Amino acid sequence: MLLLTFDHESDLNLYAEEDFALQESFYDGVPESLVALVRDRPENYESLNLTDSATGRTIHYAGGVFWYDGTRWHVSDGLAEYCHREDADLFGESGFDYCLDAYRFGQDFTPETVVAIRDEDGYYEDEKEKEADLPGIREIFTRHG
């Protein structure tokens, strides 16, 4: 499994760099069968490509490149090396932390915390709406517990 992240406000956003070799290096260490999923593929609204002017080959833009081998997750060697060389916060700059923030790994994750987070984000117009949401969230937790 291949997981790509792209945070357009990050230092790892290479979209404006137009550096094919640098972007392709972010995929170093990832099995070729997974890289093939994002190499020389059509571009669409959700996936932007960078084209190598010398060969015409394309690679999907990604600020973070992670892959799963069936047992554990890996950070691509190229991304890890780039972040080390540039002193960049790999998980913060890649958008990985942002993508997984809602799952609250290693933190309290209950129906009450979900409602509290929504409340902090301005999801509810008033206390009554907030209270009405809690039973539905509890039901989801019970169904998927």
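Quick note: structure is the one above.
Q: Before we go on, may I ask you to explain the overall build of the protein chain in this structure?
A: Scanning the protein chain from terminus to terminus reveals 7 helices and 5 strands. Order of helices (α) and strands (β) in the protein chain, N terminus to C terminus: β-α-α-β-β-β-β-α-α-α-α-α. The C-alpha atoms of the protein chain give a radius of gyration of 19 Å, which is well past the 15 Å a tight globule of 145 residues would have. Its C-alpha atoms give the protein chain principal-axis dimensions of roughly 60 × 35 × 35 Å. Buried residues in the protein chain amount to 34% of all 145 residues. Here the analysis covers contacts within the protein chain between residues at least 6 apart in sequence; of these, 57% occur between residues at least 24 apart. Total accessible area on the protein chain stands at roughly 9,700 Å², and carbon and sulfur atoms take up 49% of it. Seen as two clouds, the 11 positive and the 34 negative side-chain charges of the protein chain have centres 8 Å apart.

Q: Looking at this model, I keep getting lost on the sheet that holds strand β5 (residues 73-75). Mind explaining?
A: One key point about sheets: their strands pair by backbone hydrogen bonds, in either a parallel or an antiparallel sense. Taken in spatial order, the 3 strands line up as β1-β4-β5 in an open sheet, and their pairing is antiparallel. Edge positions in the sheet fall to β1 (2-5) and β5, since each has one partner strand and no second. Sheet twist, expressed as the average angle between the axes of neighbouring strands with direction ignored, equals 25°. Pairing of β1 with strand β4 (residues 64-68) involves 4 bridges; the strand directions are antiparallel. When the sheet's bridge partners are listed, Leu 2 is paired in β4 with Trp 67.

Q: Can you walk me through the nonpolar core in this structure?
A: If you look at soluble globular proteins, the nonpolar side chains tend to sit buried side by side. Core analysis: the biggest nonpolar cluster contains 23 residues, and Leu 2, Phe 26, Tyr 27, Val 30, Ile 59, Val 65 and Leu 79 have the highest contact counts within it. Ignoring anything within four residues of it in the chain, the contact list for Leu 79 reads Leu 12, Ser 25, Phe 26, Gly 63, Gly 64, Val 65, Phe 66 and Leu 90. Val 114, Tyr 124, Leu 134 and Ile 137 belong to the second-largest nonpolar core, a separate cluster that totals 5 residues.

Q: Just checking my understanding: could you explain the packing of helix α6 (residues 111-120) against helix α7 (residues 127-144) for this structure?
A: Packed helices, taken two at a time, are described by their axes: the angle between them and the distance between them. Packing of α6 against α7 leaves a shortest axis separation of 9 Å and a crossing angle of 135°. Judged by the inter-axis angle, α6 sits oblique to α7. Viewed along their axes, α6 and α7 form a crossing whose handedness is right-handed. Facing Pro 111, Glu 112, Val 114, Val 115, Arg 118 and Asp 119 of α6, the residues of α7 in contact are Lys 130, Asp 133, Leu 134, Ile 137, Arg 138 and Phe 141.

Q: Explain α6 to me, please; I cannot follow it from the model alone.
A: Owing to its 3.6 residues per turn, the α-helix aligns residues three or four sequence positions apart on the same side. Those residues of α6 that fall on the buried side of the exposure criterion are Pro 111, Thr 113, Val 114 and Val 115. If you follow the buried residues of α6, they end up packed against α7. Phi for Gly 122, located one or two positions after α6, is positive at around 80°.

Q: So what exactly am I meant to see when it comes to α7 here?
A: Given a rise of 1.5 Å per residue, 18 residues ought to cover 26 Å, and the 26 Å separating the end C-alpha atoms of α7 matches this to within 8%. Listed in full, the buried residues belonging to α7 are Asp 133, Leu 134 and Ile 137. Residues of α7 that are buried sit in contact with α6. For α7, the capping residue at the N-terminal end is Asp 126, with a side-chain oxygen 3.2 Å from the backbone nitrogen of Lys 128.

Cut-offs used in this document
- Once a new chain begins, its residue numbering starts again from 1 and follows that chain's sequence as written.
- pLDDT decides what is reported in this predicted model: residues at 70 or higher carry local features, side-chain atom pairs at 80 or more are listed and counted, and totals for whole chains, interfaces and linings draw on all residues regardless.
- Excluded from the side-chain calculations are hydrogens and water; all other atoms, namely the structure's heavy atoms, are used.
- Only runs of H or I of at least four residues qualify as helices and only runs of E of at least two qualify as strands under DSSP, and these elements are numbered from the N terminus.
- A radius of gyration in this sense is built from C-alpha atoms; the matching globule rule multiplies 2.2 Å by the number of residues raised to 0.38.
- Accessibility here uses a 1.4 Å probe with only protein chains present; expressed as a share of the type maximum, an area under 20% marks a residue as buried, one over 50% as exposed, and anything in between as partly exposed.
- Only heavy atoms enter the contact rule, under which two residues are in contact if any of them lie within 4.5 Å.
- The accessible surface values rely on the Shrake-Rupley method and a 1.4 Å probe; as for residues, cover is taken only from the protein chains in view.
- The charge count includes Lys and Arg as positive and Asp and Glu as negative, but it does not include His or the ends of the chains.
- Where a charge lies is defined by one atom per residue type: Lys uses NZ, Arg uses CZ, Asp uses CG and Glu uses CD.
- Two strands pair if DSSP finds at least two bridges between them.
- Structural elements are reduced to axes, namely lines fitted to C-alpha atoms, with helices fitted over the stretch in contact, and the angle between N-to-C directions of any two is expressed from 0 to 180 degrees.
- Joining through side-chain atoms within 4.5 Å is the link that ties buried Ala, Val, Leu, Ile, Met, Phe, Trp, Tyr and Cys residues into a set, and such a set is a nonpolar core.
- Any angle that falls under 35 degrees is termed roughly parallel, while one over 145 is termed roughly antiparallel, one within 65 to 115 roughly perpendicular, and all others oblique.
- Crossings are assigned a handedness: left-handed for a near helix turned anticlockwise from the far helix by less than a right angle, right-handed for a clockwise turn.
- To estimate the expected span of a helix, count its residues, drop one, and scale the result by 1.5 Å.
- Here a polar contact means two N or O atoms within 3.5 Å. Within protein one must be a hydrogen donor candidate and the other an acceptor candidate, and residues neighboring in sequence count only if both atoms are side-chain atoms.

These values are about where atoms sit, not about what they do.
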